[in-house]
Amino acid sequence: MFDVEALRRDYPILERKVYGKPLVYFDNTATSQTPRQVVEAVRKMYVEHKANVHRGVFFLSQEATELMEATRDKVREYINAPSREEIIFTRGTTEGINLVASSYGELLEPGDEIILTQMEHHANIVPWQLLQQRKGIVIKVVPVLEDGSLDMEVYRRLFTPRTRVVSFCHISNVLGTVNPVSEMVRYAHERGAVVLVDGAQAAPHLTIDVQALGADFYVFSSHKMYGPTGVGVLYGRRELLDRMPPYQGGGEMIKHVSFSGTTFEEPPLKFEAGTPDFVGIAAFSACIDYIREIGMERIEAHELDLLHYATEQMKEIPRMRIFGTTPGKAPLISFLIGHAHHYDTGMLLDKLGVAVRTGHHCAQPLMEAYGIEGTVRASFGLYNTREEVDIFIAALHRILPLLD
């Protein structure tokens, strides 16, 4: 049994009212809510274990270090990485991509090519454009088909002897499309390219196995999977991390510093300059425990039930336009009602207590491909219910006469 009502009691914020209405939180794609168990882990770190990590010889420092490093081991196991040295803590998915683009990008030459897709979040576009300005690389883009899937024929045609990196999302944050990662990685590897996968939207909804996927780099964020903000993970294949120069300089990432030269630590410390968010990282361990206790398969089944339940009812609403209709999509729905502005729809829903995201969702090239400025996006998490979907659908019917 998936006892969603029992799980909801772990989230005090869901008891709030907005404009006198019960809060219906459907913005999980942007950030998820955090259960009491994880909040308590943060509190405990601050009041019982707070001391700077790694360098201290005293008890509290050693204790905090052990708690942080235990999370590294737990993350390694969670995504089935070969070794703990391949797990690098960052501030989030965005920093993980920037780290790879900046560091691995130093190994590229002018004229080398990088393949992206039209559905990428800006965080997987702009870092490569900055590299393009610095290094003179060439960026190629895989188009998106009408249903929200990638044009795989074009993907295969884009490869040349100069293709060095392929970087794409596991799941689109706008369309919900689940890309064929293993197939895309295999094709890229056969042509000598390195692959980065943006797993920000996959980590909360799917079991992640980086070895089965074959990705050279895989990035995701804690805050999208019911954990603390400001904590992210970069998995990188060890032989690539060894070749890459440091991303930032500072404390902890060095072996020895002198004005005549500096030698660097081995990964992962080589890429973790300065004091990390050891409180958030330690609490992320509780988040992984929480998800495991519930079971990712049960979470996935519950969320997909909500997706199908909502989608079938939304199809019956006049003038409804849903973007992203691929089979097996993730639990989010991007939509417009006729030609009504997405912001107007979102504001009206908010007055009825329904929190949805509006705008281009940091995916402006994708919006341009569909010839629109933005969408309304409703996205589901493990604590959402069919009853909340009913409230959402009723709200859509209520505001329909107010929209053009």
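Within every chain, residues take consecutive numbers counted from 1 along the sequence as written. Side-chain atom pairs in this predicted model are given and counted only at pLDDT of 80 or more, local residue features only at pLDDT of at least 70, and totals for whole chains, interfaces and linings cover all residues. Water and hydrogen atoms play no part in the side-chain values, which are based on all heavy atoms of the structure.

## What about the pairing of strand S11 (residues 254-258)?
- Two strands make a pair as long as DSSP finds a minimum of two bridges between them. For the purposes of this entry, the term helix denotes a DSSP run of H or I that reaches at least four residues, the term strand denotes a run of E that reaches at least two, and both are numbered from the N terminus. Pairing geometry for S11 and strand S12 (residues 261-264), over four bridges, is antiparallel. If you follow Ile 254 over to S12, its bridge partner there is Phe 264.
- Where S11 hands over to S12, the hairpin turn is made up of two residues, counted between the paired strands.

## Concerning the packing of helix H4 (residues 93-103) against helix H5 (residues 126-135)
- Their axes nearest at 9 Å, the elements H4 and H5 cross at an angle of 20°. Considered as vectors, H4 and H5 are oriented roughly parallel to each other. Where H4 crosses over H5, the handedness of that crossing is right-handed. Residues Ile 97, Asn 98, Val 100, Ala 101 and Ser 102 of H4 form the contact with H5, whose participating residues are Pro 127, Trp 128, Leu 131 and Arg 134.
- Looking at the contact of H4 with H5 residue by residue, the classes come out as six nonpolar, two polar and one charged. Between N-to-C directions, angles span 0 to 180 degrees; the directions come from axes that are lines fitted to C-alpha atoms, helices contributing only their stretch in contact. Angular relationships are summarised with four words: roughly parallel below 35 degrees, roughly antiparallel beyond 145, roughly perpendicular across 65 to 115, and oblique for the angles in between. Crossing handedness is defined as follows: a turn of the near helix away from the far one that is anticlockwise and smaller than a right angle gives a left-handed crossing, while the clockwise case is right-handed. Should any heavy atoms of two residues lie within 4.5 Å, those residues are considered in contact. Throughout this entry, Asp, Glu, Lys and Arg are counted as charged residues, while Ala, Val, Leu, Ile, Met, Phe, Trp, Tyr, Cys and Pro are counted as nonpolar. The remaining residues, Gly among them, count as polar.

## A look at the pairing of strand S5 (residues 113-117)
- Summary of the burial criterion: residues with accessible area below 20% of their type's maximum are buried, those above 50% are exposed, and those between are partly exposed, where the area comes from a 1.4 Å probe applied to protein chains only. For S5, a buried count of five out of five residues is recorded, marking the element as mostly surrounded by other parts of the structure.
- Of the two faces of S5, the one holding Glu 113, Ile 115 and Thr 117 and the one holding Ile 114 and Leu 116 are both buried throughout.
- Note that the unit made of S5, H5 and strand S6 (residues 138-142) has a crossover that is right-handed.
- Pairing between S5 and strand S7 (residues 163-169): three bridges, direction parallel. The residue bridging Ile 114 from the neighbouring strand is Val 165, located in S7. Orient the strands so they point away from the viewer, and a crossover whose first-strand-to-second-strand path over the helix runs clockwise is right-handed.

## Section: a negative patch on the surface
- The patch calculation keeps residues exceeding 30% relative accessible area without a salt bridge and links them within 9 Å when they carry like charges or within 5 Å when they are nonpolar (Val, Leu, Ile, Met, Phe, Trp, Tyr). For every accessible area listed, the method is Shrake-Rupley and the probe measures 1.4 Å; residues are considered covered only by the protein chains on display. The salt bridge criterion pairs a side-chain nitrogen of Lys or Arg with a carboxyl oxygen of Asp or Glu, the two atoms within 4 Å. Under the convention used here, Asp and Glu are negative, Lys and Arg are positive, and both His and the chain ends fall outside the count. Here the site of a charge means NZ on Lys, CZ on Arg, CG on Asp, or CD on Glu. A surface patch of like charges, here negative, comprises Asp 3, Glu 5, Glu 387 and Asp 390.
- Along the polypeptide, Asp 390 turns up in helix H14 (residues 386-399).

## A short note on a nonpolar patch on the surface
- Together, Phe 58, Phe 59 and Leu 60 line one region of the surface with nonpolar side chains, adding up to about 330 Å² of accessible area.
- Positionally, Leu 60 belongs in helix H3 (residues 59-78).

## Quick word on the sheet that holds strand S17 (residues 375-379)
- Taken together, four strands build an open sheet; the order of strands is S13-S14-S17-S16 and the sheet is antiparallel. In this open sheet, the two edge strands, each paired with only one partner strand, are strand S13 (320-323) and strand S16 (357-359). Going across the sheet, the axis of each strand differs from the next one's by a mean of 30°, ignoring polarity.
- Relative to strand S14 (residues 332-337), S13 runs antiparallel, the two being bridged by four bridges. Across the sheet, residue Met 320 finds its bridge partner in S14, namely Ile 337.
- This element, helix H11 (residues 296-314), spans S13 and S14 of the sheet and lies at about 15° to S14.

## A closer look at the nonpolar core
- Put simply, buried Ala, Val, Leu, Ile, Met, Phe, Trp, Tyr and Cys residues joined by side-chain atoms within 4.5 Å make one nonpolar core. Ile 79, Tyr 155, Val 166, Tyr 218, Phe 220, Phe 284 and Leu 382 are the most contacted members of the largest nonpolar core, which totals 81 residues.
- The biggest single contributor to this core is helix H10 (residues 278-294), with 12 residues.
- Residues in contact with Ile 79, not counting those within four places in the same chain, are Ile 87, Ile 208, Asp 209, Val 210, Phe 220 and Tyr 235.
- Judged by nonpolar contacts, the second largest core, of 27 residues, contains Leu 349, Leu 352, Val 354 and Leu 403.

## With respect to the packing of aromatic side chains
- Working definition: a ring pair exists when centres of Phe, Tyr or Trp rings (six-membered ring for Trp) sit within 6.5 Å. Plane angles under 30 degrees give stacked, over 60 give edge-to-face, the rest tilted. Counted under the stated rule, the structure contains 13 aromatic pairs.
- On the basis of an interplanar angle of 90° and a centroid distance of 4.9 Å, the ring pair of Phe 26 and Phe 380 is categorised as edge-to-face. With a gap of 354 residues between them, Phe 26 in the loop between strand S3 (24-25) and helix H2 (36-48) and Phe 380 in the loop between S17 and H14 connect regions that are remote in the sequence. Of the two residues, Phe 26 and Phe 380, both sit in the buried class.
- One aromatic cluster is present, built from ring pairs that chain together Tyr 11, Tyr 226, Tyr 290 and Tyr 383.
- Definition used: whenever NZ (Lys) or CZ (Arg) falls within 6 Å of the ring centre and also within 35 degrees of the ring normal, the charge is taken to sit over that ring. Here the basic side chain of Arg 191 rests over the ring of Tyr 187, its NZ or CZ set 3.5 Å away from the ring centre.
- Directly above the aromatic system of Tyr 309 lies the positively charged group of Arg 386, at a separation of 4.1 Å from the ring centroid.

## Focus on the pattern of salt bridges
- Within this structure, the stated rule accounts for 24 salt bridges.
- One salt bridge in this structure joins Glu 40 and Arg 43, with 2.7 Å as the shortest N-O distance. Separated by three residues within a single helix, Glu 40 and Arg 43 lie in helix H2, roughly one turn from each other.
- Judged by relative accessible area, which is 35%, Glu 40 ranks as partly exposed.
- Residue Arg 43 is classed as partly exposed on the basis of its relative accessible area, which comes to 39%.
- Residue Arg 237 is joined to Glu 239 by a salt bridge in which the shortest nitrogen-to-oxygen separation is 2.4 Å.
- Glu 239 gets classed as partly exposed once you look at its relative accessible area, which sits at 43%.
- Counted as one network, the salt bridges with shared partners bring together Glu 69, Arg 72, Asp 73, Arg 84 and Glu 272.

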